[in-house]
Amino acid sequence: MSRCLELAVMGMGRVSPNPMVGAVLVHEGRIIGEGFHQQYGQAHAEVNCLKSVKPEDHHLISDSTIYVTLEPCSHHGKTPPCADLIIDKQIKKVVTGSHDPHPLVSGRGIARMRAAGIDVIENVLRNECDFLNRRFITFHTRHRPYIILKWAQSAEGNMASTKDEQVWLSDEYSQKLSHKWRTEEDAILVGSRTAIIDDPQLTTRLWEGHNPVRILIDRRLRVPETSRMFDEQAMTIIYNDIKEGLDGGNVYIRLRSDENVVSQILSDLHKRSLLSVIIEGGTYTLNEFVRAGLWDEARIIMTPVALPAGIPAPLIDGTIMTEEKLEADTLIIKRNESL
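Residues numbered from 1 in each chain as written. Predicted model: local features only at pLDDT ≥ 70, side-chain atom pairs only at ≥ 80, totals over all residues. Heavy atoms only, no water.

### A look at the sheet that holds strand 5 (residues 119-121)
So, step 1. Taken in spatial order, the 5 strands of this open sheet run 2-1-3-4-5, and their pairing is mixed. Each edge of the open sheet is held by one strand with a lone partner, namely strand 2 (30-36) and strand 5. Along the sheet, successive strands turn relative to each other by an average axial angle of 20°, direction set aside.
So, step 2. Bridge analysis of strand 1 (residues 22-27) against strand 2 gives 6 bridges, and the strand direction is antiparallel. Bridge pairing in strand 2 places Val24 opposite Glu34. (Pairing = 2+ DSSP bridges. Helix = DSSP H or I, 4+ residues; strand = E, 2+ residues; numbered from the N terminus. Axes fitted to C-alpha atoms, helices over the stretch in contact; angles between N-to-C directions.)

This is how it looks when you write it as structure tokens:
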């Protein structure tokens, strides 16, 4: 199962809104096949695993055990059900990690295989497998994207200048890491003040990978049309109080006055099958999610840069998952255990 996890993460940033899945086929202690879900709409991990078996080992398939990080699917989507494939190949034993929360699966894959006489062992490295697909699981159990808060803060705990000017706190290494993170998420969100002051592009130009969908909260449409967020290098959704509809590659969504803004945005992102969103600023926007208790993970880059007169970074509770030295900076990752 550990090898399955290593394989599964290789699909990071390419399989959403599907989960990352790895599969390994073992015969008498020898791996004879392995695979992972490589691209949304293409073959699942189990299919790639079985395809990788060498011709001289095909006769061993039915006498082997297949390990999979997630319960094999039981419905026709972009591809046929993997549970049916395992049954057709007459594999005698299946070992799974996570339960699939997708409403079209949700135990049906396990039940179908057991009904066919297959020995199914569940929950092997369950915590690790659940963590791997925390975005997918949150999306289907909480009916919203997985929410990551991200900011850099000064030695004094400030994250922005009190003046309307851009301030760089993190070093080059941390900036590249931030762009890598963008490739791993479906969407990236900022507020209007950040868009006006920093004019961010919110792309992955410092790291190879897909650009996330750009989300802008701009209720009075103050961000100028010349903003780099409107350069159509990636889809941009603008949540506002004034305008509705398409404008080139930009999508305008008018917010309702009778409902919480954060809830409306998360509901709309869920409808668009965006599994995750990373929120990069500014302070007001980050604090809106903190006050609502709507965050799953916070990535805080602590820098030695001095900014004595600045806007304080958000204060959050949470369990520290990771604390590591980068180069000049220190990264702290917290998990919201209150959910």
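Additional details are given in the paragraphs that follow.
### Some words on the side chain of Glu184
So, step 1. Its location among the elements puts Glu184 in helix 7 (residues 172-184).
So, step 2. Here Glu184 falls in the buried class, since its relative accessible area comes to 13%.
So, step 3. Of note is the side chain of Glu184, whose polar atom sits 2.6 Å from the side chain of Lys180. (Buried < 20%, exposed > 50% of the residue type's maximum accessible area, 1.4 Å probe, protein only. Polar contact = N/O pair within 3.5 Å; in protein donor to acceptor, adjacent residues only side chain to side chain.)

### Some details on the packing of aromatic side chains
So, step 1. For the structure shown, the criterion picks out 0 aromatic pairs.
So, step 2. Here the basic side chain of Lys243 rests over the ring of Tyr252, its NZ or CZ set 4.1 Å away from the ring centre.
So, step 3. The ring of Tyr284 carries Arg291 above its face, with NZ or CZ at 6.0 Å from the centroid. (Phe/Tyr/Trp six-rings, centres within 6.5 Å; stacked < 30°, edge-to-face > 60°. Lys NZ or Arg CZ within 6 Å of the ring centre and 35° of its normal.)

### Here we look at helix 9 (residues 261-271)
So, step 1. Listing the buried residues of helix 9 in full gives Val261, Val262, Gln264, Ile265, Leu266, Asp268 and Leu269.
So, step 2. Structurally, the start of helix 9 carries an N-cap: the backbone nitrogen of Val262 is 3.0 Å from a side-chain oxygen of Asn260.
So, step 3. Remark: Ser273 follows helix 9 within two positions and exhibits a positive phi of approximately 60°.

### Things to note about unusual backbone geometry
So, step 1. In this chain, Ser16 is followed by Pro17 through a cis amide linkage whose omega measures 10°.
So, step 2. Looking at where Pro17 falls in the secondary structure, it is placed in the loop between helix 1 (2-8) and strand 1.
So, step 3. Here Gly281 and Gly282 are connected by a cis peptide whose omega angle stands at 0°.
So, step 4. You can see Gly282 is positioned in the loop between strand 13 (276-281) and helix 10 (283-291).
So, step 5. One non-glycine residue, Leu125, lies in the positive phi region at around 50°.
So, step 6. Inspection of the secondary structure puts Leu125 in the loop between strand 5 and helix 5 (126-132).
So, step 7. The residue Glu232 is not glycine, and still its phi comes out positive at about 65°.
So, step 8. With respect to the helices, strands and loops of the structure, Glu232 is situated in the loop between strand 9 (213-217) and strand 10 (236-240).

### Regarding the pattern of salt bridges
So, step 1. Across all of its chains, the model carries 20 salt bridges by this definition.
So, step 2. Here Glu6 ties to Arg3 by a salt bridge, and the two come within 3.1 Å at their closest N and O atoms. Of this pair, Glu6 and Arg3 both sit in helix 1, 3 residues apart, which is roughly one turn of the helix.
So, step 3. Given a relative accessible area of 47%, Glu6 falls into the partly exposed group.
So, step 4. Residue Arg3 is classed as partly exposed on the basis of its relative accessible area of 32%.
So, step 5. In this structure, Asp247 and Lys243 form a salt bridge, with 3.2 Å as the shortest nitrogen-oxygen distance.
So, step 6. On the basis of relative accessibility, which here comes to 37%, the residue Asp247 falls in the partly exposed class.
So, step 7. Counted as one network, the salt bridges with shared partners bring together Arg3, Glu6 and Glu34. (Salt bridge = Lys/Arg side-chain N within 4 Å of Asp/Glu carboxyl O.)

### Focus: the pairing of strand 12 (residues 250-254)
So, step 1. Counting buried positions over the 5 residues of strand 12 gives 4, a clear majority of the element.
So, step 2. Pairing analysis gives 3 bridges linking strand 11 (residues 245-247) to strand 12, with the strands arranged antiparallel. Considered in strand 12, the bridge of Asp247 is made with Asn250.
So, step 3. Here strand 11 folds back onto strand 12 in antiparallel fashion, the turn holding 2 residues, of which Gly248 has a positive phi close to 65°.

### Some details on the environment of Pro212
So, step 1. Take Pro212: it is sitting in the loop between helix 8 (192-198) and strand 9.
So, step 2. The spatial distance from the C-alpha of Pro212 to the C-alpha of Phe136 is 16 Å, given a sequence separation of 76 residues.
So, step 3. Each residue touching Pro212, except ones within four places of it in the same chain, is listed here: Arg182, Glu185, Asp186, Ala187, Ile188, Leu202, Thr204 and Ala234. (Contact = heavy atoms within 4.5 Å.)

### Describing the pairing of strand 6 (residues 146-153)
So, step 1. Burial of strand 6 is extensive: 8 of the 8 residues sit out of reach of the surface.
So, step 2. Covered by surrounding structure in strand 6 are Tyr146, Ile148, Lys150 and Ala152 together with Ile147, Leu149, Trp151 and Gln153, the residues of both alternating faces.
So, step 3. Bridge analysis of strand 6 against strand 13 gives 4 bridges, and the strand direction is parallel. Its bridge partner lying in strand 13, Tyr146 is registered against Ser276.

### Some thoughts on the nonpolar core
So, step 1. Counting 31 residues, the largest nonpolar core has Ile147, Leu149 and Phe289 as its most contacted members.
So, step 2. When residues of this core are assigned to their parent elements, the largest contribution, 5 residues, is made by helix 9.
So, step 3. Once residues lying within four places of it in the same chain are set aside, the contact partners of Phe289 are Ile147, Leu149, Leu189, Val262, Leu266, Ile279, Leu294 and Trp295.
So, step 4. Within the second largest apolar cluster, 24 residues are counted, among which are Val21, Ile61, Val120 and Phe136. (Core = buried A, V, L, I, M, F, W, Y, C linked by side-chain atoms within 4.5 Å.)

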